[in-house]
Amino acid sequence: MPALSEMIAAITELKQSEQKAAADARQALLRDFDQLKQAWLEARTGLNRRSHPEAKTAEELQIWLAAFHAWANSPEMDIEDKQFAKLTAPTLKKNAPPPTRVDALSTIEEWQLLRAHNKAEIEKHQKQMWAFGVLWVRERISEVLESQQKMTFEDLLTQMDQALSATNPNAAAMRQAIRRQYPVAMIDEFQDTDPKQLRIFDAIYDIARTTTDKNSAIILIGDPKQAIYGFRGADIN
């Protein structure tokens with residue numbers, strides 16, 4: 001994962017390049033607007049009315065085009081991408097000639113392509129930043145809890161899981177000690193057990209009964225139709 005500073009710098013660069021492309025598109029549109037307006041008014045009757053309801057009358061079309069002129073004069077103003085798509089690639093009636101194309105439309109298309117690309121790249125970096133933030137918060141929580149000699153419920157499960165794993169040389173003795181103290185376990189709402197909890201139960205009570213220990217038992221009570229904790233890791237399978 002890139003360093004946080006690198007991700008912030010990458011996002012800043014992407015935003016700046018999109019802002020420059022948008023400024024170029026605005027300037028080009030202001031330069032060619034009169035030609036664009038005249039071309040669209042001349043081609044108005046050939047526009048598909050379902051795709052271009054704004055072309056119902058010349059007055060309505062001029063109002064629609066005026067919004068682009070206002071956008072070109074106002075950096076803080078925004079227009080939906082689908083409106084720009086209609087401007088750069090109009091839908092026509094059969095055999096109708098398209099509006100005469102002005103150079104500004106190519107500049108707008110280049111900006112729109114860059115905008116879509118940069119948006120995807122920024123979202124990718126933001127996801128990485130969220131992952132970085134989650135890791136940092138987890139580490140910080142662990143540090144605070146350790147300094148205060150406290151544990152969360154998840155810490156209890158994690159440490160028990162680790163203590164009962166095969167990598168711990170004392171795991172076998174620990175399993176036997178727990179079974180002696182609690183020879184029978186009854187697990188209610190078993191459908192909401194997550195993998196970590198299942199490993200703990202299985203390590204202690206051997207759910208598959210692969211051993212010959214007849215002095216312990218585990219009773220599992222659950223209803224698959226009531227499994228509602230999948231969002232926090234529960235796995236009915």
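In short, a report on the structure. (Residues numbered from 1 in each chain as written. Predicted model: local features only at pLDDT ≥ 70, side-chain atom pairs only at ≥ 80, totals over all residues. Heavy atoms only, no water.)

**Notes on the overall build of the protein chain**
Thought 1: Counting its secondary structure elements, the protein chain contains seven helices and two strands.
Thought 2: Along the protein chain, helices (α) and strands (β) appear in the sequence α-α-α-α-α-α-β-α-β when read from the amino end.
Thought 3: Radius of gyration (C-alpha) of the protein chain: 32 Å, far over the 18 Å computed for a compact globule of 237 residues.
Thought 4: Considering only C-alpha atoms, the protein chain reaches an extent of 95 × 40 × 25 Å along its principal axes.
Thought 5: Per-residue burial over the protein chain gives 30% buried out of 237 residues.
Thought 6: Restricting the contact set of the protein chain to residue pairs at least 6 apart, pairs at least 24 apart contribute 68%.
Thought 7: Taking the 30 positively charged and 34 negatively charged side chains of the protein chain as two groups, their mean positions are separated by 4 Å. (Helix = DSSP H or I, 4+ residues; strand = E, 2+ residues; numbered from the N terminus. Rg over C-alpha atoms; globule rule 2.2 N^0.38 Å. Buried < 20%, exposed > 50% of the residue type's maximum accessible area, 1.4 Å probe, protein only. Contact = heavy atoms within 4.5 Å. Lys, Arg positive; Asp, Glu negative; His and termini not counted. Charge placed at Lys NZ, Arg CZ, Asp CG, Glu CD.)

**A short note on the packing of helix α2 (residues 58-73) against helix α3 (residues 81-88)**
Thought 1: As a packed pair, α2 and α3 sit with axes 12 Å apart at the nearest point and diverge in direction by 110°. The angle between the axes of α2 and α3 places the two elements in the roughly perpendicular class. Considering only the axes of α2 and α3, their crossing is left-handed. When α2 is examined against α3, the residues W64, L65, F68 and W71 are found in contact with a partner set consisting of Q83, F84, K86 and L87.
Thought 2: Residue classes in the contact of α2 with α3 are distributed as six nonpolar, one polar and one charged. (Axes fitted to C-alpha atoms, helices over the stretch in contact; angles between N-to-C directions. Parallel < 35°, antiparallel > 145°, perpendicular 65-115°, else oblique. Left-handed = near helix turned anticlockwise from the far one by under 90°. Nonpolar A, V, L, I, M, F, W, Y, C, P; charged D, E, K, R; others polar.)

These figures capture arrangement, not role.
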